[in-house]
Amino acid sequence: MPAPRPLTGPREQGSEQRFLSFVLLSIAVFLFYQSFMAPPPPPPPAVAEKDEDDDKPATDDADPAAEAKNSSDAPAEIAEQDEPETQLLTLGSAALDSRYRMLVTLDNRGAGVRRIEMSADEFRDLDDRSGYLGYLGLEDAEDGRQRVRVVGAGTPAEAAGLEVGDEIVDAEPFFAGLAKAKPGESVDLKIVRGGDEQTLTATLSKRPLAVVRPESENVRKHNPAYADASTDVDSFLLTISELNGDNAGENPTIQAANEKLTEGAWEVVASDERSVTFRKRIAELGLEFDKRYELAQVDEESAEPAYHLVYDLQVKNLLPREQTVAYDLHGPNGLPIEGWWYAAYMRFGRKENGDGAWGSVGLRDVVSRFEGTTVLQSRCSKIVEGKVDPLDAGASLAYAGVDAQYFSVVMIPQKKSFEELVFAAITPRLATPELPEEGTAVTFNNTTFTATRLPKKLSAAGGEGDSYKDAFTVFAGPKRPELLKQYTAAGNPEYNLEKLLYYGWFGPVAKGMLWLLHLFGGVGNYGIAIIMLTVVVRGALFPLSRKQAASMAKMQALKPEMDKLQDRYKNDAEKKARAIQELYSKNGVSPLSGCLPAFVQLPIFIGLYRALAVDIELRQAPLISESIRFCSNLAAPDMLLNWSWMWPDSFNNGIGFGFFPGLGPFFNALPMFTVALFLIQQKMFMPPPANEQAELQQKMMMYIMPIFGLLFFKVPSGLCLYFIASSVWGIAERKLVPKPEAPEVQGFSKPIAKKPPATQSAALAKQAAKRASGGGKKKKKRK
């Protein structure tokens, strides 16, 4: 892109003037050179170039206001910063016993965050169960080797002695074998260091969960064909949105500067294991930017959390005049999409942008909160459709971030007061291009946001106020209620992060279920805790279940009378219905009484489902052991058998094709077992149908059960475990507890008359009463 033309400087002359000047100068040189040895006269004074459609003469005087507004007149003494080499740096450690909760990888190209990996053993990658060597940031070298660009502290690679600059020999077959290795295995790593070939031995560990990662790693999970062509963008990049009243979208100079800010390498001013400071000078704009990341440390003596970075951003004016600057701060992206084929992350929110937000399903939705509002959730589908407007412009921002099912990455501005206005708007958007529609879903797309700062006036360089600094607390961690409460906006406890947890309409029930589960979880196994919870629930519902059994016994006792009514009124449905209703009334039977326990259990079922979908303590809880795939995560399907090789990507992704649902890459056994128990219960305890309608309903239930199996196919295995335990309890209760005695039945023997018209009802009622009292005339006997 050509450099912009300066406002002042030599004027470009017309062709006639240039020719005349050349002739005169040539004659002067030829005639007087030998005598005077003088240089040629200087060119005429400069004037500004005139536009073709401008009839006014150009002047030598530059408009001071226009000069101040123009963003490309940096003085010559501001030198362009040399482009440093690209490099990756790390903060913190992946070691379990370190002082840090996470290992952060930074890239000086754009001065952004490449990865954030959790250090705790309880937060492991649920999808990739292969052994972990460490993120190495590899780049291609000679002879099929790959050069190591970064080695994180506390990783198996560091423990093996791997160093930055080492070249891994036969990299492709090595990493192909590494993908099949298991945690705890030892692997030999052949490298070239300083021209010498060496062999290192590394003992692999479990793969930590990366709450921020290059998006290509996420794409590779659900559709490997798109992974190599996908785009990776680091988090927390910076661009200029406005400079001296010029908008970035309309100013090529600002656009070129933004490319340097996001694509160019920043100077590493200072770095250690806890903090890194980057600097980037944009000479043509007379601006300098500093970014500093500092990772929180674990302090055993205090209760302060350590799941965050402190992110400082400074803008400095280098020109000898005032400038007004506003920037766009790009939020986190590349959050994990674990459980992409089964996860159901939902929220009930307010109406936004003219669209109701009754339900929201997404893997990575943008969340924000402003003064006077609850949490606003921008759904994946709306962001993809490009219908999301900037949120709550003019209100004080409490926080904004990207929210996943069990983890969030949220930026909290550090302000002197909560009411202070810093940002003009939060705009949800996609960090990387939208994925192709075929074989993908909108929930797979990589969402983020842009925080647009209010313009800030900077004084001339060297004066007070020639720079300003904004600071942010960047939370990156698990969604635990007590942890989220500790992260507040400007010290305002009302605006903490706990609202990121949403338990649905039956929130109190879900929280009660969680309280019991955590209480029973003390036994050391959440599978046993769910069974214990089932015993408590079914024990509390025992009186209702006995009432249901008694009602079913009455229904069975009424079967003979029902058969009589069927024969008597087989050609008159109206009379039959009235007779059956009167029979029920005489014997105190309610057909709906048998459904009462099911209605009572419905909130419990929904509450437990929400608890499993929200509570991170159940995310990695196994039924048997983590060493086997089956039921290794009670918050996910049981995943008995990997059958992905049998099906197309759309089936394995869970998004379906045609009229057949996409069930995912695993066959799940517990849903099938759950439906089988439902059928057994129905066969054993369902009373004989009292009429044709009841018989038809029972047949329909038998046919619908397989459909229930499909609906249950991707529910959490912990929920299936609850239903299995509940069904076993129900079968045992019916078999072991004595059945209620069948009551004495009051039959229905008199025929039902036709329903009288409304005009005759009063007279007929009067006659019936008179006959009942014996007041009618007696008939004479025949002789």
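Residues numbered from 1 in each chain as written. Predicted model: local features only at pLDDT ≥ 70, side-chain atom pairs only at ≥ 80, totals over all residues. Heavy atoms only, no water.

Caption draft 1: Just the packing of helix 17 (residues 669-685) against helix 19 (residues 717-736), in detail. Taken N-terminus to C-terminus, the directions of helix 17 and helix 19 make an angle of 20°; their axes are 9 Å apart at the nearest point. Here helix 19 runs roughly parallel to helix 17, going by the angle between their axes. Both helix 17 and helix 19 take part in a crossing whose hand is left-handed. Of the residues in helix 19, those touching helix 17 at Leu670, Pro671, Phe673, Thr674, Leu677, Phe678, Ile680, Gln681, Met684 and Phe685 are Ser717, Cys720, Phe723, Ile724, Ser727, Val728, Gly730, Ile731, Arg734 and Lys735. The residue makeup of the contact of helix 17 with helix 19, split by class, is 13 nonpolar, 5 polar and 2 charged. (Axes fitted to C-alpha atoms, helices over the stretch in contact; angles between N-to-C directions. Helix = DSSP H or I, 4+ residues; strand = E, 2+ residues; numbered from the N terminus. Parallel < 35°, antiparallel > 145°, perpendicular 65-115°, else oblique. Left-handed = near helix turned anticlockwise from the far one by under 90°. Contact = heavy atoms within 4.5 Å. Nonpolar A, V, L, I, M, F, W, Y, C, P; charged D, E, K, R; others polar.)

Caption draft 2: Main features of the sheet that holds strand 5 (residues 146-147). Sheet architecture is open: 5 strands sit in the order 4-5-6-7-8, paired in antiparallel fashion. Looking at the sheet topology across the chains shown, the edges are occupied by strand 4 (139-140) and strand 8 (196-203). With 2 bridges joining them, strand 6 (residues 167-168) and strand 7 (residues 186-193) adopt antiparallel strand pairing. Each bridged residue has a counterpart across the sheet, and for glutamate 167 the counterpart in strand 7 is valine 192. Set on the sheet, helix 4 (residues 171-178) makes contact with strand 5, strand 6 and strand 7; between it and strand 7 the angle comes to about 160°. (Pairing = 2+ DSSP bridges.)

Caption draft 3: Quick peek at helix 7 (residues 252-263). Look at helix 7: 16 Å from first C-alpha to last across 12 residues, which is about the 16 Å you get at 1.5 Å a residue. Buried residues of helix 7: Thr253, Ile254, Ala256, Ala257, Asn258, Leu261 and Thr262, and no others. Elements that come into contact with the buried residues of helix 7 comprise strand 10 (238-243), strand 11 (246-247), strand 13 (275-282) and strand 14 (287-295). Residue asparagine 251 occupies the N-cap position of helix 7, its side-chain oxygen lying 2.9 Å from the main-chain nitrogen of threonine 253. (Expected span 1.5 Å × (residues − 1). Buried < 20%, exposed > 50% of the residue type's maximum accessible area, 1.4 Å probe, protein only. Polar contact = N/O pair within 3.5 Å; in protein donor to acceptor, adjacent residues only side chain to side chain.)

Caption draft 4: Local environment of the nonpolar core. Within the largest apolar cluster, 123 residues are counted, with the highest numbers of intra-cluster contacts made by Val104, Ile116, Val211, Phe289, Tyr327 and Leu497. The leading source of residues in this core is helix 19, at 7 residues. With 18 residues, the next largest nonpolar core counts Ala157, Ala160, Ile168 and Leu178 among its residues. (Core = buried A, V, L, I, M, F, W, Y, C linked by side-chain atoms within 4.5 Å.)

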